[in-house]
Amino acid sequence: MSNIERAEVFVASPGRSFVTLRLTTSDGVLGLGDATLNGRELAVASYLRDHVAPLLIGRDSARIEDIWQYLYRGAYWRRGPVTMTAIAAVDTALWDIKGKVAGLPVYQLLGGRSRDGVLVYSHASGTDVPSLLDDVARFRELGYHAIRAQAAVPGIRGTYGVRKGAVYEPAATSLPEEQPWSTEAYLDHAPTYLEAIRERFGFGFHLLHDVHHRLTPIEAARFGKRVEDCRLFWMEDPTPAENQESFQLIRQHTTTPIAVGEVLTSIWDVQHLITEQLIDYVRTSVVHAGGITHLRRIFDLAALYQVRTGSHGATDLSPVSLAAAVHLDLTVPNFGIQEYMPHAPETMEVFRSGVRFEDGMLHPPEEPGLGVEYDEKAAERFPYEPRYLPVARRLDGSVHDW
Ligand code: KDG
Ligand code: MG
């Protein structure tokens, strides 16, 4: 029996902040899990260090399902981003260990390949329409078959989704920046640049757009209807998903596919959306939805209702998460697409990952486990610096959904 002997939590900011769990077994096998919750990093680090690590020591590292149930049911307090991210980190690290013990890459433990590679989309953006079009051209040249497009709304400083430097990083300030928002200006502008992209580049690639929870259901219905001729792969998070019946209203008006789930953390949070077929893609991720064990359960439920997967994969999900996602995506029958934003070079100095991008697809490392290493020494050069996502305010000063 190979017991968990050590549980270490690393918090560092190589390019951006990451929380990483490393488990070590009595046989000296290491397992990594991502525990990053953007802007709330230390809450998960404390949950792991203070409340989970002491419970893990001495447990059989092979019993992944049992440890999942123990941490989930045993805590009494269930669900929520902090709990589910902490459980995810443990679960991911245990799959990494199991792969290393078996001498197999994790995707082989999950049933083996269902496809040759994992289709990904990346983020084109622009401060205006011409610069967005240039960016789309650049992603086409890089070989992407699917591109998300976002442009700044004229007169609205700091529109979400618009890259400032080489890497899109909205969590950029030591206290949340307040940014203005106008739904009217967005609804007038966004359809015009999506149309401009189709006019210039045609329909030979997938086009995606993230509404980022900014619209009411009827506004989202109007938006989806207006852009139908652009044949979007999806419109993402058209409205906040707390009131899930409201997606029915959007559905009544438009055939534009809908993707939801990056802020949802359990199968119960997506159950209604899936079983009522109110969405087409579920965007829950390994790191925020309880790890590989729980995400696979969500994806299996989704498969029953012809909902496909489209996991969140922004840069605030570490290379450990990305690797875990690629292993899982490769195996699930109802895979749709994977979000992929390459990490900053500093991030890749700390996380050595064998995940490979080729011809618009990601491929997992073939070595045992997840195929990612954490360089603790390199991480010491990047001490933790708290950074927050912005907050949006309407033009009258009231808070809007970011
Ligand atoms: O932490 C928040 C980001 O991950 C989020 O703003 C990115 O919406 C996002 C996306 O679709 O990648
Ligand atoms: Mg999003």
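Residues numbered from 1 in each chain as written. Chains lettered and ligands numbered in written order. Predicted model: local features only at pLDDT ≥ 70, side-chain atom pairs only at ≥ 80, totals over all residues. Heavy atoms only, no water.

Looking at an unreviewed UniProt entry, one finds the protein chain named D-mannonate dehydratase and attributed to Saccharopolyspora spinosa.

Further remarks concern the pattern of salt bridges. Overall, the coordinates contain 24 salt bridges when judged by the stated rule. The shortest N-O distance in the salt bridge between Arg138 and Asp135 comes to 3.0 Å. Placement of both Arg138 and Asp135 in helix α5 (residues 129-141) is noted, with a separation of 3 residues, approximately one turn of the helix. In this structure, the salt-bridge partner of Arg356 is Glu358, at a minimum N-O distance of 2.4 Å. Assessed through its relative accessible area of 41%, Arg356 is described here as partly exposed. Each member of the salt-bridge network shares a partner with another, and the members are Arg6, Glu8, Arg22 and Glu376. (Salt bridge = Lys/Arg side-chain N within 4 Å of Asp/Glu carboxyl O. Helix = DSSP H or I, 4+ residues; strand = E, 2+ residues; numbered from the N terminus. Buried < 20%, exposed > 50% of the residue type's maximum accessible area, 1.4 Å probe, protein only.)

Our focus in this paragraph is the domain arrangement of the protein chain. Per the domain assignment, the segments making up the protein chain are domain 1 (4-104) and domain 2 (109-369). Each of domain 1 and domain 2 was reduced to a C-alpha centroid, and the two centroids are 26 Å apart. On the domain 2 side, the residues contacting the 34 residues of domain 1 number 35 residues. In total, about 2600 Å² of surface goes out of reach between domain 1 and domain 2, with carbon and sulfur atoms giving 63% of it. Where domain 1 meets domain 2, there are 3 salt bridges. One salt bridge in this structure joins Arg79 and Asp269, with 2.7 Å as the shortest N-O distance. Where domain 1 meets domain 2, there are 13 residue pairs in polar contact (both at pLDDT 80 or more). Listed by contribution, the elements that provide at least two residues to the side of domain 1 that touches domain 2 are β2 (18-25), β3 (30-34), α2 (64-74) and α3 (81-102). Each residue belonging to the side of domain 1 that touches domain 2 can be placed in one class, and the counts come to 15 nonpolar, 11 polar and 8 charged. (Domains from an automatic or database assignment. Contact = heavy atoms within 4.5 Å. Buried area = accessible area lost by both parts, 1.4 Å probe. Polar contact = N/O pair within 3.5 Å; in protein donor to acceptor, adjacent residues only side chain to side chain. Nonpolar A, V, L, I, M, F, W, Y, C, P; charged D, E, K, R; others polar.)

Viewed as axis vectors pointing N to C, helix α9 (residues 267-275) and helix α10 (residues 291-304) meet at an angle of 15°, and their least axial separation amounts to 10 Å. Taken together, the axis directions place α9 and α10 in an arrangement best described as roughly parallel. For α9 against α10, the interelement crossing comes out right-handed. Mapping the contact onto sequence places Ile267, Trp268, Val270, Gln271, Ile274 and Thr275 in α9 and His294, Arg297, Ile298, Leu301 and Ala302 in α10. When its residues are assigned to classes, the contact of α9 with α10 shows 7 nonpolar, 3 polar and 1 charged. (Axes fitted to C-alpha atoms, helices over the stretch in contact; angles between N-to-C directions. Parallel < 35°, antiparallel > 145°, perpendicular 65-115°, else oblique. Left-handed = near helix turned anticlockwise from the far one by under 90°.)

Sites flagged by UniProt as "domain: Mandelate racemase/muconate lactonizing enzyme C-terminal" (unreviewed entry) map to residues 130-257. Taken end to end, residues 130-257 is 38% helix and 14% strand, and its first and last C-alpha atoms sit 26 Å apart. (UniProt positions renumbered as here; feature names shortened; annotations may be inferred.)

With that out of the way, let us pick up the coordination of the magnesium ion (ligand 2). Around the magnesium ion (ligand 2), the protein contributes the donor atoms Asp210 (OD), Glu236 (OE) and Glu262 (OE), which lie 1.9 to 2.2 Å from the metal centre. Within one chain, the residues serving as donors to the magnesium ion (ligand 2) are arranged as D-x25-E-x25-E. Within this pair, whereas Asp210 is found in strand β7 (residues 206-210), its partner Glu236 is found in strand β8 (residues 234-236), the two being separated by 26 residues in sequence. Judged by relative accessible area, Glu236 falls into the buried class, the value being 0%. (Donors = N, O, S within 2.8 Å, 3.2 Å for Na, K, Ca; no water.)

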